[in-house]
Amino acid sequence: MEIILEAGYTSIEGGVCAAKGFTANGLNCGLNPDPNKNDLGMIYSETVCDTAAVYTQNKVKGAPILVTKQNLDATGGKARAVIVNSKNANTCNRDGEEKAKQMCSLTAKALGIEANEVVVASTGVIGQILPIEPIRDHVEELAKGLSAENHIEAATAIMTTDTFKKETAVSFSLGGKTVRLGGMAKGSGMIHPNMATTLNFVTTDAAIDVNLLQKALSEVVKVTYNCLSIDGDTSTNDMVCVMANGLSDAPRITEENEDYKIFCRALYLVLMNLTRMLAKDGEGASKLLTCHCKGAKDQETAITLAKSVIGSALFKCAVFGEDANWGRILCALGYAPVDFDVDRVEVAFASVNGRVLVCKDGFGVEFSEEEAAKILSADEICVDIDLHQGDADAKAWGCDLTYDYVKINGDYRS
C-alpha cells in the first residue's frame, strides 16, 4: 500500500534494519506446525540502545510484558536485543514469567550480552503453556543468521492471522547527518485503542535522551496506535518498543528543540503508516477506513469522536455493504463521551472514486445513492467530519466488519 510521507522525509527499505548497527532474523522453531512459516524472531543492535516502550492497559498482561518492563526498569531504559515468538502468547500461565526470563537468558547467551538487555515479546493463543524447548534449540541458529537483509524474516516471524508483513522506514536529516528510523508491526485482530496496540518494534540510529524518547513515543502513540480499532478487543500482549543506538553520529537530542520536533515527526510517519497497514489487514477486512474529524474545539475531542466512529460495529457493517448509512456516524458521534454541537456537524464520504456530502448542520442532504455506493466500493475510504467548532483535528483508522471476521475467530485456536 502507498506510504504517506512529508517533505524532508524519504521512504527507504530495510524495516527494523534500515538504521545503522541493527540486524535481524527469523525462522521456524516448531511452535508453528507449518515449517514454511516463521515463528521466532530477533532484533539486535551492535551497541546499547536507549529504549522506550508502552504497553497494553489490559489488566490481564502477558508474562513477556511484565518481564520486559522489569528489564527496562532495571537498566534505566537500556536494551540491545529483542526476542519474540508467535503462535503462543505466554499469557495466563503459572510458569509464564519463568519462560519469558528463560527466553531473555537464552538470547543473552547467544549474543554475549546481559539478560536484562533483552526485550521479550510473545503473540498468539492465550492460556496455553509455552514450550521453551523449541526456542532453546533454535536461539543460537537464530543469532548466527542475524543480518541487515533478514528484516523480512523477522517481520514474518511475528505474524499470526496477518495476511502480509508490515514494515516501513524513513530517512531524514539532523544536524547535517542522515538519520534513519524504521519499524515492523504485527496485528490483524484483537485490536482496540488502549495505550498501545499489537506488537510493534521500532529502531533508529538517532541519539536521544531516554526520557525524551519515552515522551516522544507516548505522545505519538496517542495519535497513531491509540486511534486504531479493528474489533473492540484490547489484547493482553500489546507493546510498542523503540530502540535508539545513536550510530548516525547526529547530535544527541537532550532537549525539546527543533531536532526533537523533527525526530518526533519521523516517528509519527513510521507509526502512522504502520497503523494504516494494521487497519488495512484487519481480520477479514476488505476496506481500510480513515475517519478525519476536524473543526473540533481541541484535539482530545477530535480524537474521541474519530475513534467512536471507527469503533462502531454498525458503521463498519454498513461500509462492508457499501451502504451510505450516515445516520450510524451521527449515532457514534452522539454516544462519545465529549460535548459538541450536533447542529453544526457536516459529514462526507470520500475515496479515489469521488466525494459526496451526506449530512450538513446535523441533517441529511440529498445525494445520489448510486454515486455514494461507487465511492464506498473502493478499498480505501475516508469519512470526513467537520464539527465547525474550532481548529483542532485528528484521524482514526479501522476497517469494515465482514463475514470472514467471524470465520477467522470461530476457529482461531485450530
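Residues numbered from 1 in each chain as written. Predicted model: local features only at pLDDT ≥ 70, side-chain atom pairs only at ≥ 80, totals over all residues. Heavy atoms only, no water.

### Considerations on the overall build of the protein
Which entries qualify depends on this criterion: A run of H or I in DSSP counts as a helix once it spans at least four residues, and a run of E counts as a strand once it spans at least two, with each numbered from the N terminus. Just to be clear, the radius of gyration here is over C-alpha atoms, and the globule rule we use is 2.2 Å times residues to the power 0.38. Burial classification: accessible surface area is computed with a 1.4 Å probe over protein chains only, and a residue below 20% of its type maximum counts as buried, one above 50% as exposed, and the rest as partly exposed. Whether two residues are in contact is decided by their heavy atoms, any of which lying within 4.5 Å being enough. Residue-level accessible areas treat just the shown protein chains as cover; the underlying method is Shrake-Rupley with a 1.4 Å probe. Residues scored as positive are Lys and Arg, those scored as negative are Asp and Glu, and His as well as the terminal groups of each chain are ignored. A single reference atom marks each charge: NZ on Lys, CZ on Arg, CG on Asp, CD on Glu.
Looking only at helices and strands, the protein has 11 helices and 16 strands in total. For 414 residues, the compact-globule estimate of 2.2 N^0.38 gives 22 Å, and the C-alpha radius of gyration of the protein, at 21 Å, lies within 12% of that figure. Each of the three principal axes of the protein carries a C-alpha extent, and together these read 70 × 50 × 35 Å. A buried classification covers 57% of the 414 residues belonging to the protein. In the protein, the share of contacts with a sequence separation of at least 24, taken over all contacts with a separation of at least 6, comes to 81%. Summed over its atoms, the accessible surface of the protein is roughly 16400 Å², and 47% of this surface lies on carbon and sulfur atoms. Separation between the mean location of the 39 positive side-chain charges and that of the 56 negative ones in the protein comes to 3 Å.

### Here we look at the nonpolar core
Worth spelling out the cut-off: In plain words, nonpolar cores are sets of buried Ala, Val, Leu, Ile, Met, Phe, Trp, Tyr and Cys residues tied together by side-chain atoms within 4.5 Å.
Grouped together as the largest cluster of nonpolar side chains are 77 residues, with contacts concentrated most on Phe263, Phe349 and Ile385. The leading source of residues in this core is helix H6 (residues 258–280), at 14 residues. Ignoring sequence-local partners within four residues, the contact set of Phe349 consists of Phe315, Ala324, Trp326, Ile329, Gly354, Arg355, Val356, Val358, Ile375, Leu376, Cys382 and Val383.

### Thoughts on the sheet that holds strand S9 (residues 228–229)
In plain terms, the rule: A strand pair is defined by DSSP finding two or more bridges across the two strands. Orientation is described by lines fitted to C-alpha atoms, with helices fitted over the stretch in contact, and by angles between N-to-C directions that extend from 0 to 180 degrees.
Within the open sheet, the 7 strands sit side by side as S9-S16-S11-S15-S12-S13-S14. Their pairing is mixed. Each edge of the open sheet is held by one strand with a lone partner, namely S9 and strand S14 (363–364). When S9 meets strand S16 (residues 392–399), the two strands line up parallel, connected through 2 bridges. Considered in S16, the bridge of Ser229 is made with Gly398. The strands that H6 touches are S9, strand S11 (288–296), strand S15 (380–386) and S16; relative to S16, the one it contacts most, it runs at about 40°.

### Here's the deal with the environment of Ala394
Its place among the elements puts Ala394 in strand S16. The spatial distance from the C-alpha of Ala394 to the C-alpha of Met1 is 22 Å, given a sequence separation of 393 residues. Those residues in contact with Ala394 that sit more than four places away from it in its chain are Cys291, His292, Cys293, Gln299, Ala302, Ile303 and Ala306.

### Considerations on helix H1 (residues 63–75)
Along an α-helix, a turn takes 3.6 residues, which lines up residues three or four apart on a common side. Stated precisely, the cut-off is as follows: Here the expected length of a helix is defined as 1.5 Å per residue gap, with one fewer gap than residues.
With 13 residues, H1 extends 19 Å between its outermost C-alpha atoms, agreeing within 8% with the 18 Å of an ideal straight helix rising 1.5 Å per residue. Every buried residue of H1 is accounted for by Ala63, Pro64, Ile65, Val67, Thr68, Asn71, Leu72 and Thr75. Taken from the residues just after H1, Gly76 is the one with a positive phi, measuring 70°.

### So, the state of the cysteines
Definition in use: We call a pair of cysteine sulfur atoms a disulfide whenever their separation is within 2.5 Å.
Inspection of every chain in the model, using the stated rule, returns 0 disulfides. Cysteine Cys29 is unpaired, with the sulfur of Cys104 as its nearest cysteine sulfur at 15 Å. Just so you know, Cys241 is unpaired, no disulfide at all, and the nearest cysteine sulfur is the one on Cys49, 8.8 Å from it. With a relative accessible area of 1%, Cys241 lands in the buried category.

### Brief notes about helix H3 (residues 132–144)
Applicable threshold: Note that bend, as reported per residue, equals the angle between axes fitted to the 7 residues terminating at that residue and the 7 residues originating from it.
Taking 1.5 Å of rise per residue, 13 residues should cover 18 Å, and H3 covers 19 Å from first to last C-alpha, within 8% of that figure. Most pronounced at His138, the bend in H3 amounts to some 40°. Contacts made by the buried residues of H3 are with strand S2 (22–27), strand S3 (40–55), strand S4 (78–85) and helix H2 (96–111).

### Remarks on the pairing of strand S8 (residues 199–204)
The element S8 is largely enclosed, with a buried count of 6 among its 6 residues. Side chains Leu199, Phe201 and Thr203 project from S8 onto one buried face, and the interleaved Asn200, Val202 and Thr204 project onto a second face that is buried too. Pairing analysis gives 6 bridges linking strand S7 (residues 177–186) to S8, with the strands arranged antiparallel. What sits directly across from Leu181, in S8, is Thr204. Pairing between S8 and strand S10 (residues 239–244): 6 bridges, direction parallel. Pairing of Asn200 across the sheet is with Val240, part of S10.

### Details of the packing of H1 against H2
For any two helices packed against each other, one specifies the crossing angle of their axes together with the interaxial distance. The condition is simple: To sort the angles, those under 35 degrees are grouped as roughly parallel, those over 145 as roughly antiparallel, those from 65 to 115 as roughly perpendicular, and the leftovers as oblique. The hand of a helix crossing depends on one turn: near helix anticlockwise from the far one by less than a right angle means left-handed, and clockwise means right-handed.
Where H1 meets H2, the axes come as close as 8 Å, and the angle between the chain directions of the two elements is 55°. For the element pair H1 / H2, the angle class is oblique. Regarding H1 and H2, the two cross each other, and that crossing is right-handed. Two secondary-structure elements touch here, H1 through Ala63, Pro64, Leu66, Val67, Gln70 and Asn71 and H2 through Gly96, Glu97, Ala100, Lys101 and Cys104.

Remember that the coordinates give geometry; whether it matters functionally is a separate question.
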